[in-house]
Amino acid sequence: MTNLGIGLIGYAFMGAAHSQAWRSAPRFFDLPLDPRMNVLGGRNAEAVQAAATKLGWKETETDWRKLIARDDVQLVDVCTPGDSHAEIAIAALEAGKHVLCEKPLANTVEEAEAMTAAAEKARAQGIRSMVGFTYRRVPAIALARQLVADGKLGTIRHVRAQYLQDWIADPEAPLSWRLDKEKAGSGALGDIGAHIVDMTQFITGDTIGEVSARLETFVKERPVAAEHSGLSGTAGAQRGPVTVDDAAVFLAQFRSGALGVFEATRFATGRKNAIRIEINGSLGSLAFDFEDMNLLHYYDATEDSRTAGFRRILATEPDHPYVAAWWPPGHLLGYEHGFTHQVVDLVTAIAEGADPEPSFADGLRVQRVLAAVETSSASRQWQEIPE
């Protein structure tokens, strides 16, 4: 088996999730290439070494350019804040390295366009790239896409999507890079709203063509973090401005004519990671909530009305997407499994010379929706999205 040397840049929340995926994937799935966790990159030498020891990486680098240049790195996994995605990913592609980049693809449409162009150029040389919308790999979500593709819902008429969190509902929760527009690009819109834009487009096989939106920042100033880890931190004495949105709501019309209602907020008190999707079609409906992520609810409108009702599908059977490699039916999967499935799909595509999904072009489509939402909120007008 041919080895595939991995270089991961970033070792915080997403870096840890990706690390677990690189460790787990070859132990549960029969992969055509053997991913080797060769090098972890980060700016702080002491911190990155501690992370490498904990997460299972062989060596470290404090300069991402040196990481990309290494002969033992064939794939670069980008888990940095959005302001560096374009520079790192484009440099890696130009160096002939496969790239996995966390979402959203970039901080601006222009950056996403440049990344997509670089990916297309590298593709001609057999170099593959993928953006990390991992919720596509939740078995229940993958099953939902199959049901829609099989025509089980008929013509799609309504899409409702929410991503609800509460981790900054406390106005004294400290600032982090996710609340800095220069680093993050946007707030709830790009951080979590990007997921429901991609998920709904993935499940329906349709794309959003027009939006009308509002963004709001509820808490405009917060304490500067004395230290930070993942989504939590310790407040210091100084205060600084919040420069991103706390919440985003928008109406959407899909190109097929279906109507959509979207909400993304980090102020939904009591909601920790509620991703709620409901899709209504002429022949049936689907409903999903990530806080009960192994379940998909399906309504078949062609059944006898006397006994028709939403069916509770526990997506843990061996013939459900991805599940066969794991546990017996009813032994539930968790958040981390989506990242493992992402690794499986990417490594398999590289080995087969196929184009992995979601591609950078898919990431660009989402970026254009995010940009249109921001423009619509500022202009108070409906905003069309280019094809």
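See the structure above.
So, how was this worked out
Residues numbered from 1 in each chain as written. Predicted model: local features only at pLDDT ≥ 70, side-chain atom pairs only at ≥ 80, totals over all residues. Heavy atoms only, no water. Helix = DSSP H or I, 4+ residues; strand = E, 2+ residues; numbered from the N terminus. Buried < 20%, exposed > 50% of the residue type's maximum accessible area, 1.4 Å probe, protein only. Contact = heavy atoms within 4.5 Å. Core = buried A, V, L, I, M, F, W, Y, C linked by side-chain atoms within 4.5 Å. Domains from an automatic or database assignment. Pairing = 2+ DSSP bridges. Right-handed = clockwise from strand over helix to strand, strands pointing away. Salt bridge = Lys/Arg side-chain N within 4 Å of Asp/Glu carboxyl O.

### Thoughts on the side chain of Gln367
Working step 1: By the secondary structure assignment, Gln367 is in helix α10 (residues 360–379).
Working step 2: Overall, the relative accessible area of 6% leaves Gln367 in the buried class.
Working step 3: Once you skip the residues sitting within four places of it in the chain, Gln367 turns out to touch Pro104, Leu105, Ala106, Asn107, Thr108, Val109 and Ala112.

### Points about the nonpolar core
Nonpolar side chains tend toward joint burial in soluble globular proteins.
Working step 1: Counting 78 residues, the largest nonpolar core has Val76, Met115, Ile208, Phe262, Phe288, Leu296 and Phe360 as the members making the most contacts within it.
Working step 2: Considering each element in turn, this core owes the most residues, nine residues, to helix α8 (residues 188–204).
Working step 3: Of the domains in this structure, domain 1 (3–134) and domain 2 (136–357 + 365–379) are the two that each give at least three residues to this core.
Working step 4: Listed in part, the 31 residues of the second largest apolar core include Leu8, Leu31, Cys79 and Val323.

### A look at the pairing of strand β4 (residues 75–78)
Working step 1: Judged by which residues are buried, β4 turns out to be covered on both faces: Leu75 and Asp77 on one side and Val76 and Val78 on the other are all buried.
Working step 2: Sheet analysis places strand β1 (residues 2–9) next to β4, joined by four bridges and oriented parallel. Counted as the bridge partner of Gly7 is Val76 from β4.
Working step 3: Inspection of the sheet shows β4 paired to strand β5 (residues 98–102) by four bridges, in the parallel sense. The residue of β5 that forms the bridge with Asp77 is Leu100.
Working step 4: In this fold, the crossover linking β4 to β5 by way of helix α4 (residues 85–94) has right-handed handedness.

### So, the pattern of salt bridges
Working step 1: What the rule picks out here adds up to 27 salt bridges.
Working step 2: In this structure, the salt-bridge partner of Arg136 is Asp198, at a minimum N-O distance of 2.8 Å. Linking Arg136 in the loop between β6 (129–132) and α6 (139–149) with Asp198 in helix α8, this pair joins segments that are 62 residues apart in sequence.
Working step 3: Given the relative accessible area of 9%, Arg136 is considered buried.
Working step 4: Judged by its relative accessible area of 2%, Asp198 falls in the buried class.
Working step 5: We note a salt bridge from Lys183 to Asp180, for which the minimum N-O separation is 3.6 Å.
Working step 6: Since its relative accessible area comes to 36%, Lys183 is described here as partly exposed.
Working step 7: Asp180 gets classed as partly exposed once you look at its relative accessible area, which sits at 25%.
Working step 8: When salt bridges with common partners are traced through the structure, they connect Glu59, Glu61, Arg70 and Asp72 into a single cluster.

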